[in-house]
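Chains, contacts and geometry: an overview
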Amino acid sequence: MSDKRILLIIGGGIAAYKSLELIRELGRRGIACRCILTSGGSQFVTPLSVSALSGEKVFTELFDLDDEAEMGHIQLSRSADLVVVCPATADLMAKAVHGHANDLASTTLLATDTPVLMVPAMNVRMWQHAATVRNVAQLRADGVSVMEPDEGAMACGEFGPGRLPQVPAIVAEIERQLEGQTEGKGGGLLEGTHCVVTAGPTREPLDPVRFLSNHSSGRQGYAIAGALAAEGARVTLVSGPVAIEPPRGVGLVKVETARQMLKAVEEALPADVFVSVAAVADWRPARAATKKLKIKGAGSATPSMELAENPDILRTISNKRKHRPALVVGFAAETNDVEEHAAAKLKRKGCDWIVANDVSGDVMGGTENEIALVTRDGVDRWPRMGKDEVARRLAQKIADALDGSDDDVRLAAE
Ligand code: C5P
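Residues numbered from 1 in each chain as written. Predicted model: local features only at pLDDT ≥ 70, side-chain atom pairs only at ≥ 80, totals over all residues. Heavy atoms only, no water.

What follows is about the nonpolar core. Counting 35 residues, the largest nonpolar core has V197, I224, L228, V275, L394 and I398 as the members making the most contacts within it. Excluding residues that lie within four positions of it along the chain, V197 makes contacts with G221, I224, A225, L228, V235, T236, L237, V238, V275 and V277. Core analysis: the second largest hydrophobic core is formed by 30 residues, L8, A15, L117 and V119 among them. (Core = buried A, V, L, I, M, F, W, Y, C linked by side-chain atoms within 4.5 Å. Buried < 20%, exposed > 50% of the residue type's maximum accessible area, 1.4 Å probe, protein only. Contact = heavy atoms within 4.5 Å.)

Structure (structure tokens):
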């Protein structure tokens with residue numbers, strides 16, 4: 001992907017400072033950025049910081065003779081594989097809808113024949129105003145991709161949708177769109193959906209250098225995240241510490257503890273699908289020392305460790321009243337009576353499916369898995385296969401279910 005280039009239009013909003021983080025992250029992933037800074041944007045970030053991070057000249061004025069001589073605005077608009085507007089303000093979107101061309105950003109948007117991705121960020125009332133709702137619908141009808149903003153506390157003190165999505169999610173969306181162009185695809189089975197996946201172990205600190213954890217490699221969860229992204233889903237992968245690389249086009253949120261993992265999943269909602277693959281530690285040390293615990297001398301009393309129960313992320317998300325994903329999938333690693341235990345777990349957790357994993361053999365940490373998909377309707381046993389193939393089949397099943405051909409999901413969504 002190293003030969004890809006985007007044109008980033010930085011609009012004027014408090015979230016403009018996040019565009020700097022975005023430029024850095026894209027650079028790390030080999031995606032070059034040429035930037036246009038609107039006059040509003042330059043109230044929040046300076047052209048100098050943008051050019052230092054992007055390593056390129058920053059464009060600001062429409063009628064700048066030097067700029068026009070070097071690279072005219074028409075050429076600028078076509079010099080990238082993707083135009084990204086981030087943050088996309090209500091004003092910039094309104095201008096784009098009506099074809100205004102009174103500054104460099106709006107002129108470029110009108111002159112471009114390159115795909116455009118808008119990443120909105122604004123006050124909740126502005127986002128929910130009928131005019132913005134109309135404009136977003138029109139932009140989408142015109143073929144512009146508009147990401148959904150995040151929900152949460154806003155800089156202005158209000159609460160609701162309108163926050164800029166997390167940078168990893170924006171990077172993933174950009175990669176997904178660039179990847180789609182390379183492979184000439186689009187229209188995957190999960191296009192337009194958002195899937196959240198947890199993977200890997202959690203680490204529960206005892207002191208600054210010691211922790212409780214487990215042997216989860218994260219491989220199955222990462223493969224599922226990759227398979228969902230390959231079907232066109234926007235994927236947020238919330239991962240504990242692992243030694244493997246995230247799949248392309250997936251938004252990675254790194255966490256350590258179970259409580260951080262729950263918070264990250266909740267922040268990633270709303271989503272259509274939640275797949276809980278992580279091997280979350282059931283307990284954590286009740287108290288984590290702030291300094292390294294020291295042995296008091298040979299023969300001194302061995303300290304005892306009190307444990308506290310961790311939140312059950314799968315159960316919490318399954319039982320949400322607001323923003324419960326339409327399909328919630330849990331995993332169960334069992335050594336015996338696999339299907340009976342999985343069916344009981346389905347009820348106990350309140351999820352829709354359980355992917356039951358027979359770990360009596362040598363699958364833990366390996367590349368293969370032997371699973372049974374347990375739903376309220378019964379059990380579907382899959383032959384032993386590679387974790388990538390499990391992931392592909394599961395992504396396919398998820399797509400079928402969201403498509404409405406599965407009663408379980410319709411029930412959950414109603
Ligand atoms: O109860 P058990 O740990 O066997 O359940 C496994 C399933 O529950 C997996 O999907 C795992 O990701 C999820 N889980 C969780 N939070 C916990 C424990 C398990 O999300 N604290």
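What follows picks up the thread again.
Counting buried residues along strand β5 (residues 116-120), 5 of its 5 residues qualify, which places the element largely inside the surrounding structure. Burial along β5 is two-sided: the residues V116, M118 and P120 and L117 and V119 are all buried. Of the pairings in the sheet, the one linking strand β4 (residues 82-88) to β5 comprises 4 bridges and is parallel in character. Directly across from V84, in β5, lies its bridge partner L117. Relative to strand β6 (residues 145-146), β5 runs parallel, the two being bridged by 2 bridges. Paired with M118 across the bridge in β6 is V146. (Helix = DSSP H or I, 4+ residues; strand = E, 2+ residues; numbered from the N terminus. Pairing = 2+ DSSP bridges.)

When you line up the elements, G99 lands in the loop between α5 (90-98) and α6 (104-111). When the C-alpha atoms of G99 and L109 are compared, they prove to be 8.3 Å apart, with 10 residues separating the residues in sequence.

What follows deals with the packing of aromatic side chains. This model, assessed by the stated rule, comprises 0 aromatic pairs. Note that K57 overlies the ring of F59, its terminal NZ or CZ placed 5.5 Å from the centroid. Across from the ring centre of W382, 4.8 Å away, lies the NZ or CZ of R393, which sits over that ring. (Phe/Tyr/Trp six-rings, centres within 6.5 Å; stacked < 30°, edge-to-face > 60°. Lys NZ or Arg CZ within 6 Å of the ring centre and 35° of its normal.)

A few words on helix α11 (residues 258-268). Turning to α11, its buried residues are A258, M261, L262, A264, V265 and A268. The buried side chains of α11 occupy one side of the element, clustering within an arc of 165° when seen end-on. (Arc of directions from axis to C-beta.)

What follows concerns the pairing of strand β20 (residues 371-375). Among the 5 residues that make up β20, 5 are buried, leaving the element largely enclosed by the rest of the structure. Of the two faces of β20, both are covered, the one formed by I371, L373 and T375 as well as the one formed by A372 and V374. With 5 bridges joining them, strand β18 (residues 353-358) and β20 adopt antiparallel strand pairing. Across the sheet, the residue bridging to I354 is V374, located in β20.

This next bit is on the domain arrangement of the protein. Entries for the protein in the domain assignment read domain 1 (5-184) and domain 2 (194-403). Placing the centre of domain 1 and that of domain 2 at their C-alpha centroids yields a distance of 34 Å. Contacts between domain 1 and domain 2 engage 11 residues on the former and 12 residues on the latter. When domain 1 packs against domain 2, the two sides together hide about 1100 Å² of surface, and 44% of this comes from carbon and sulfur. Ionic pairing is found between K322 and E151, a salt bridge with its closest N-O pair at 3.4 Å. Linking domain 1 to domain 2 there are 4 residue pairs in polar contact (both at pLDDT 80 or more). (Domains from an automatic or database assignment. Buried area = accessible area lost by both parts, 1.4 Å probe. Salt bridge = Lys/Arg side-chain N within 4 Å of Asp/Glu carboxyl O. Polar contact = N/O pair within 3.5 Å; in protein donor to acceptor, adjacent residues only side chain to side chain.)

The end-to-end C-alpha distance of helix α13 (residues 338-349) is 16 Å, a good match for the 16 Å that 12 residues give at a rise of 1.5 Å each. Looking at the buried side of α13, the elements it contacts are α12 (313-318), β17 (327-334), β18 and β20. Among the residues trailing α13, G350 stands out with phi positive, at a value near 80°. (Expected span 1.5 Å × (residues − 1).)

Let's shift gears to the environment of V146. Residue position: V146 is located in strand β6. Placed 121 residues apart in sequence, V146 and E267 show a C-alpha to C-alpha distance of 19 Å. Aside from chain neighbours lying at most four places away, what touches V146 is M118, P120, V136, L139 and R140.

Inspection of the region around the ligand gives 13 residues, with S276, A278, L314, F331 and K345 positioned closest. Surface burial for the ligand is 84%, taken as the share of its 450 Å² of free accessible area covered by protein chains. According to the grid-proximity analysis, the pocket containing the ligand is the largest pocket. Of all elements in the fold, only α12, β17 and α13 reach the threshold of two or more residues within the shell around the ligand. Residues belonging to the shell around the ligand are distributed by class as follows: 7 nonpolar, 2 polar and 4 charged. (Near = heavy atom within 4 Å. Areas by Shrake-Rupley, 256 points an atom, 1.4 Å probe, with all protein chains shown as cover. 1 Å grid on protein atoms, 1.4 Å probe; cavity = no way out; pocket = protein on both sides within 12 Å on 5 of 7 lines; lining within 4 Å. Sits in = over half its atoms within 2 Å of the grid points. Nonpolar A, V, L, I, M, F, W, Y, C, P; charged D, E, K, R; others polar.)

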